[in-house]
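Observations on the model geometry
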Amino acid sequence: MKREQKTENYRAFAKLYGYIRFFHPSDEAAAIDWDKYAIYGMHYVESVNSNDELKLRLEELFKPIAPTVDIFSGNGEYKYDLSRIIPKDTSGLFPVAWQHRGLGVSRDYLYKSVRSNRIKHPVNTSGSISRSFDAEKYKGRKIKLKATVLSFAGEDKNYGLLWLNTTNNTGAIEDQDKKDVRSNEMEEYVISCEVTQVSDKINFGYSLCGEGVALADRFFLEVNRGKEWEKIDFDNPDFESDKAGSAPAGWEHTEADYDFQVISFVHGTGKQCCKIESVYEKQLFDKFPEPGEYFVRAINSGLSCAVPLCLYSDRTGTIPHADKNLLKVLNETLNRITVDELSANNVYFNLACIAITWNVLQHSYPYFDLYDLDWESTLGEFLNRAYNCNSDEDLIRILEEMLALINDCHAMARNTNDRTLSNYPPFQTDFAEGKLVISRLYNEKTGLKEGDVITEIDGRSVEDLIRENEKRISAAIPGWKRAILLRVLLRKKGSLEMVLKVKRENEELEKTVELDHTFFDFVEKGDYREYRPEKIAELEKGLYYIDMERTVMKEIKEIIHDLACAKGVIFDMRGYPYFTSEVLNHLSDIPMKSAHWNVPQIIYPDRENLAGYHTDGRWEIEPQAPKINGKVVFLTNGNTMSAGESVMGIVEAYKLGKIVGETTAGTNGNVNMINLPGGYVVNYTGMKVLKHDGSQHHGVGIKPDIPVFRTIKGISEKRDEFLEKAIEIIKGS
């Protein structure tokens, strides 16, 4: 068989797969295992020798789940027989059609896909983890609860709730305290209440109210014993001993409409926490396809499809009903596929991963209009490459190079089953004057120095390595691509040493260095490229520096009155800062909002004729005393991305301070996650973010008022030229 025909076969199946999975509303299609179906379908169509044969194969393949879909030769007009999907008498029937807010391929609270008249109404509208204790030993005492929690809830009616109460023997509350949690940063909260003489139980916990995701960790319960507080011990207060993916041991939790899992989450000294996530559905918006609507699309060079967008349903399901025997045979076939045992050495597995990823992006990625990209032609190209792939590393590379075409800093691929840690040499690097320069050294025994220019790595020139690796990096602006290159050029798996050639002034040196660092070592030391002051530092009288990559809001609140009276404050936003918008409350006299966040509302394929945008969730920031009245400077670079750009967008729009450094990454908006077969995961940006004035943010970013770039001389002298410029601005007249 010719290679070209195989490609046509794969491409036709892949496109039809996406159209039916995301837009054809039959109950049979909605219930199928789409990961297994993608693998099976690629194998089923592979061996046919012509489009005529392919048409028959596709009809056989899709008939059990989509009997009203037509496949025909040619790419012209097609008149669909509506009597097949609109009964003569529709009384008592319900129209069923897909609605997508973004595309609901993950369990993110924001991105969802539902079918009209197929909504599961929630039994519970809040999900809680909780504990209860006998109150006898604590009667007449005050008790206090501390917990570290956050909430990704998005809307006012959705929030986290930390609570503590005491109840009598009838279950009635004697005393209580609670705290609404709306911050998306892990912060510690404290609440307290009285244990009365008639108290029978002490109860506490954390709830997600409404929809979204909430995280909870480090619960501490204490009782007042006069002058001192005494800890009340109980098992599993921090979830560190739980198995990731399991429900928290020893905790009660709501059964319906919410998911409870212990997950890996590194913050402070903790490595795990408990996640609460809503799983119930509701109609997403008002518009959906009407009965009789269908679309016609080409699926390869010789075949097209006609797909109904809306079907009627009776009490037993969408009509017409698929053949039960055919559906049973299909499900039995799919059940024999064990996805967990497949990997990238299985050609159909690889093809399925490409088909799923391509379709999700094709129907929902919001930034295709910004780029002159023929995304349609990439499907055949990457299916061909996947056909020749034979390792996990190759599949990740192919997915990364595919994602690089969409220019999205959030876009990346990974294999969650790969637990191998990368090894790094004991230094950080930066780009200066177009060169790869050692910028921060942790071990002087290497014989290297800050300011050394790396010219070769293991016998290969840095220029060649950059060209090879940048093809795998999805970036909206060059600054982000450079930042990722700094992470990947000097990392290796399985090897414990690296040979470098470096240039130092007029001298060329060759050094063999041990790869004795991991990513987590850098995190502990401060994962940044320059020598910075302490995370909060008074550089001189009345001039403060705050590193937002290392500082939490609680620490800033402790010195907020000093900052209010300061001559100037420098907020360092370089890297990925854990910046809470609460800082901005102290920089303005007027209420402020974040940029415009627009999640596409999709009811038609190929991003055509959007139903509108979901625009909820903008940050609303009220002024708060005391106000910081001195000069304010924000430092940025190409690493400043996503949440950091939300903050910097507000700074730019409301002119809250001077921006010094480099343009930010130009990518903002919540990440959507594509869970592929076999533990592979692809991330991408699912929302369109516009600046306050409605102009483009993606690929533009936040530009500095005063650009600054690092120099080799500055690096060799251990100077931070960004910080020097900020100090100069504050001390200037």
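Read on for an overview of the structure. Nothing here was measured: the structure is a model prediction, and the numbers come from that model. (Residues numbered from 1 in each chain as written. Predicted model: local features only at pLDDT ≥ 70, side-chain atom pairs only at ≥ 80, totals over all residues. Heavy atoms only, no water.)

**Describing helix H4 (residues 51-62)**
With 12 residues, H4 should reach 16 Å at 1.5 Å per residue; the first-to-last C-alpha distance of 16 Å fits that figure. Residues Asn51, Leu54, Leu58, Leu61 and Phe62 constitute the buried set of H4. Around the axis of H4, the buried residues are gathered within 80° of arc, so they sit on the same side. Along its buried surface, H4 packs onto helix H1 (3-23), helix H3 (34-45), strand E1 (70-73) and strand E16 (303-308). (Helix = DSSP H or I, 4+ residues; strand = E, 2+ residues; numbered from the N terminus. Expected span 1.5 Å × (residues − 1). Buried < 20%, exposed > 50% of the residue type's maximum accessible area, 1.4 Å probe, protein only. Arc of directions from axis to C-beta. Contact = heavy atoms within 4.5 Å.)

**A closer look at the packing of H1 against helix H6 (residues 347-364)**
Helix-helix packing is characterised by the crossing angle of the two axes and by the distance between the axes. Two numbers describe how H1 lies on H6: the axes approach to 9 Å, and their chain directions differ by 50°. Taken together, the axis directions place H1 and H6 in an arrangement best described as oblique. Classified by chirality, the crossing of H6 by H1 is right-handed. Note on element contacts: H6 touches H1 through Leu351, Ala355, Ile356, Trp358, Asn359, Val360 and His363, opposite Tyr10, Ala14, Lys15, Tyr17, Gly18, Tyr19, Arg21, Phe22 and Phe23. Looking at side-chain class alone, the contact of H1 with H6 contains 11 nonpolar, 3 polar and 2 charged residues. (Axes fitted to C-alpha atoms, helices over the stretch in contact; angles between N-to-C directions. Parallel < 35°, antiparallel > 145°, perpendicular 65-115°, else oblique. Left-handed = near helix turned anticlockwise from the far one by under 90°. Nonpolar A, V, L, I, M, F, W, Y, C, P; charged D, E, K, R; others polar.)

**So, the sheet that holds strand E4 (residues 126-134)**
Here we have 5 strands laid out as an open sheet, ordered E7-E6-E9-E4-E12, and antiparallel in their pairing. What marks the edges here is a single partner per strand, and that holds for strand E7 (173-181) and strand E12 (252-253). Summarising the sheet, E4 and E12 pair through 2 bridges and their orientation is antiparallel. For serine 130, the partnering residue across the bridge sits in E12 and is glutamate 252. (Pairing = 2+ DSSP bridges.)

**Some remarks on the pairing of strand E28 (residues 568-572)**
Across the 5 residues of E28, 5 count as buried, placing the element largely inside the fold. In E28, alternate side chains face the same way, and those of Gly568, Ile570 and Asp572 on one face and Val569 and Phe571 on the other are all buried. As judged from the 5 bridges shared by strand E27 (residues 543-547) and E28, these two strands associate in the parallel manner. In the strand pairing of E28, tyrosine 545 is matched with isoleucine 570. The pairing of E28 with strand E33 (residues 631-636) spans 5 bridges and is classified as parallel. When the bridges of E33 are listed, glycine 568 appears paired with lysine 631.

Fair warning: the whole summary comes from geometry, so function is off the table for now.
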